[in-house]
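Observations on the model geometry
What follows is the residue order along each chain.
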Amino acid sequence: MIKTEHSEGIARIEIARPEKKNAITAAMYQSMAEAIVAAHDDARVRAILIHGQPEVFTAGNDLEDFLKNPPQGMDAPVFQFMAALGNAEKPVVAAVHGAAVGIGTTMLAHCDLVYAADNAMFSMPFVSLGLCAEFGSSLLIPLAAGYHKAAEKLLLSEPISAEEAFEMKLVNRLLPPDEVLAYAQRQAARFNSLPPASVRETKRLMKSGWKAVVEKLIVDEVKSFGRMLREPEAKEAFTAFFERRKPDFSKFG
Ligand code: COA
């Protein structure tokens, strides 16, 4: 479900559960967290590359897992993954095809270089799922795109087309779908010929302006998200998804 490989200085992490649109389970988050830590510890690795399948990046957190096995605070595998990604000292490159839902978009805000297919679709449907923004996206998305654009996408849960994602500065470059992975791989390979300590230090300095603020915010987001996951609004939204109907939030005050 998560395939990992190291070759020519690049640690590749592939989300590979196409039958469920690459929805991510707790076990998959755990594997991705471990892969990022292993890449950190392996001196041969100069960059990390995260990608999905040619049809889909990820449909976000597995909704069944959310219902049966809601993440419990900071020790949850999803948090381990996001902490490993957020603290990754080496550059992280993402290649996105198809849908990047929920954490699929959130994680991109923590990557360094993001390349997407021109048919990619992004979304942060947390509000429409009875939840709230997660893992620093409450700040990082307004910071990239401006408050009002971010409000459309987070408060109204509007989907984000590839062009809009580029305009919102969530993506470095759009490419034809069959070129994205190879291009991202070439960009990641460029770190092989750069001095690694300089790359790491520059990345650290670039993020240092907001790191402490984002870390504090994440604690707040995790607390709210965890509470909201157990509340009736989220239950209604998730049940509606599996029953293939529109959720009914009219009874909630
Ligand atoms: N969790 C669990 N299962 C999921 C899933 C998720 N997040 N997303 C898709 N699946 C499953 C579907 O239940 C379906 O399973 P089935 O074949 O056993 O019925 C299968 O993956 C295919 O999904 P489907 O919705 O039929 O594919 P699609 O191409 O029509 O739509 C998406 C793709 C990504 C737009 C759509 O699946 C979707 O909106 N998923 C939910 C996204 C979401 O809300 N994520 C949580 C964010 S916090």
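The shown structure was predicted, so the numbers you read here are calculated from the model rather than taken from an experiment.

The next subject is the overall build of the protein. Counting its secondary structure elements, the protein contains 10 helices and 10 strands. A globule of 253 residues ought to have a C-alpha radius of gyration of about 18 Å, and the protein, at 17 Å, matches this closely. Within the protein, residue pairs in contact and separated by at least 24 positions form 72% of the contacts whose partners lie at least 6 positions apart. Carbon and sulfur atoms provide 57% of the accessible area of the protein, an area that totals close to 12,400 Å².

Residues in contact with the ligand amount to 14 residues; listed here are only the nearest, Lys20, Lys21, Ala59, Asn61 and Leu63. Within the contact set of the ligand, an oxygen atom lies 3.3 Å away from a side-chain nitrogen or oxygen of Lys21. In this structure, Asn61 approaches the ligand through a main-chain N or O atom, which is 3.0 Å from a nitrogen atom. Considering the ligand on its own, with 880 Å² of exposed area, one finds that the protein chains cover 67% of that surface.

The next subject is the side chain of Glu221. Along the chain, the position of Glu221 falls in helix H9 (residues 196-229). Within the buried set, Glu221 has no salt-bridge partner at all; the shortest N-O distance to an opposite charge, 12 Å, is to Lys216. Setting aside residues no more than four positions away along its own chain, Glu221 makes contact with Cys132, Ala133, Glu134, Phe135, Gly136, Ser137 and Ser138.

Another aspect to go through is the pairing of strand E5 (residues 92-96). For E5, the tally of buried residues reaches 5 of 5 residues, placing the bulk of the element in the interior. Alternating residues of E5 divide into Val92, Ala94 and Val96 and Val93 and Ala95, and every residue in both groups is buried. Here strand E3 (residues 47-51) runs beside E5; their pairing, made up of 4 bridges, is parallel. Following the sheet pairing, Ile48 is matched in E5 by Val92.

What follows deals with the environment of Ser157. Topologically, Ser157 is positioned in the loop between helix H6 (147-155) and strand E9 (160-161). Residue classification places Ser157 among the buried residues on the basis of a relative accessible area of 12%. Sequence-wise, Ser157 and Gly60 are 97 residues apart; in three dimensions their C-alpha atoms are separated by 14 Å. When near neighbours in sequence (up to four residues on either side) are disregarded, Ser157 contacts Met124, Pro125, Phe126, Val127, Ser128 and Glu152.

Let us look at the sheet that holds E5. The strand order across the open sheet built from 6 strands is E1-E2-E3-E5-E7-E10, with neighbouring strands paired in mixed fashion. What marks the edges here is a single partner per strand, and that holds for strand E1 (2-7) and strand E10 (173-175). Averaged over all neighbouring strand pairs, the angle between strand axes comes to 20 degrees, with direction disregarded. The pairing of strand E2 (residues 10-15) with E3 spans 5 bridges and is parallel. Each residue of the ladder has a partner; that of Ile13, found in E3, is Ile50.

In a structure, side chains of opposite charge can pair up when their charged atoms sit close to one another. This model, assessed by the stated rule, comprises 15 salt bridges. Connected through salt bridges with shared partners, the residues Lys149, Glu152, Lys153, Glu158 and Glu164 form a single ionic network.

Two measures describe an aromatic ring pair: the distance that separates the ring centres and the angle between the ring planes. For the structure shown, the criterion picks out 8 aromatic pairs. When the ring of Phe126 is compared with that of Phe225, the centres are 6.1 Å apart and the planes differ by 70 degrees; the resulting orientation is edge-to-face. Separated by 99 residues along the polypeptide, Phe126 in the loop between strand E8 (121-123) and helix H5 (137-145) and Phe225 in helix H9 bring together distant segments of the chain. For the pair formed by Phe126 and Phe225, the shared burial category is buried.

The next subject is the environment of Lys169. Within the secondary structure, Lys169 is located in the loop between helix H7 (162-167) and E10. Distance from Lys169 to Gly146, taken between C-alpha atoms, is 9.9 Å for residues 23 residues apart in sequence.

Bringing the sheet that holds E9 into the picture now. Strand order in the open sheet formed by 4 strands is E4-E6-E8-E9, with mixed pairing between adjacent strands. Edge positions in the open sheet fall to strand E4 (56-58) and E9, since each of these has one partner strand only. Taken together, the 3 bridges between strand E6 (residues 99-101) and E8 define a ladder with parallel strand orientation. Considered in E8, the bridge of Ala100 is made with Phe122.

Cut-offs applied
Residues numbered from 1 in each chain as written. Predicted model: local features only at pLDDT ≥ 70, side-chain atom pairs only at ≥ 80, totals over all residues. Heavy atoms only, no water. Helix = DSSP H or I, 4+ residues; strand = E, 2+ residues; numbered from the N terminus. Rg over C-alpha atoms; globule rule 2.2 N^0.38 Å. Contact = heavy atoms within 4.5 Å. Areas by Shrake-Rupley, 256 points an atom, 1.4 Å probe, with all protein chains shown as cover. Near = heavy atom within 4 Å. Polar contact = N/O pair within 3.5 Å; in protein donor to acceptor, adjacent residues only side chain to side chain. Buried < 20%, exposed > 50% of the residue type's maximum accessible area, 1.4 Å probe, protein only. Lys, Arg positive; Asp, Glu negative; His and termini not counted. Salt bridge = Lys/Arg side-chain N within 4 Å of Asp/Glu carboxyl O. Pairing = 2+ DSSP bridges. Axes fitted to C-alpha atoms, helices over the stretch in contact; angles between N-to-C directions. Phe/Tyr/Trp six-rings, centres within 6.5 Å; stacked < 30°, edge-to-face > 60°.

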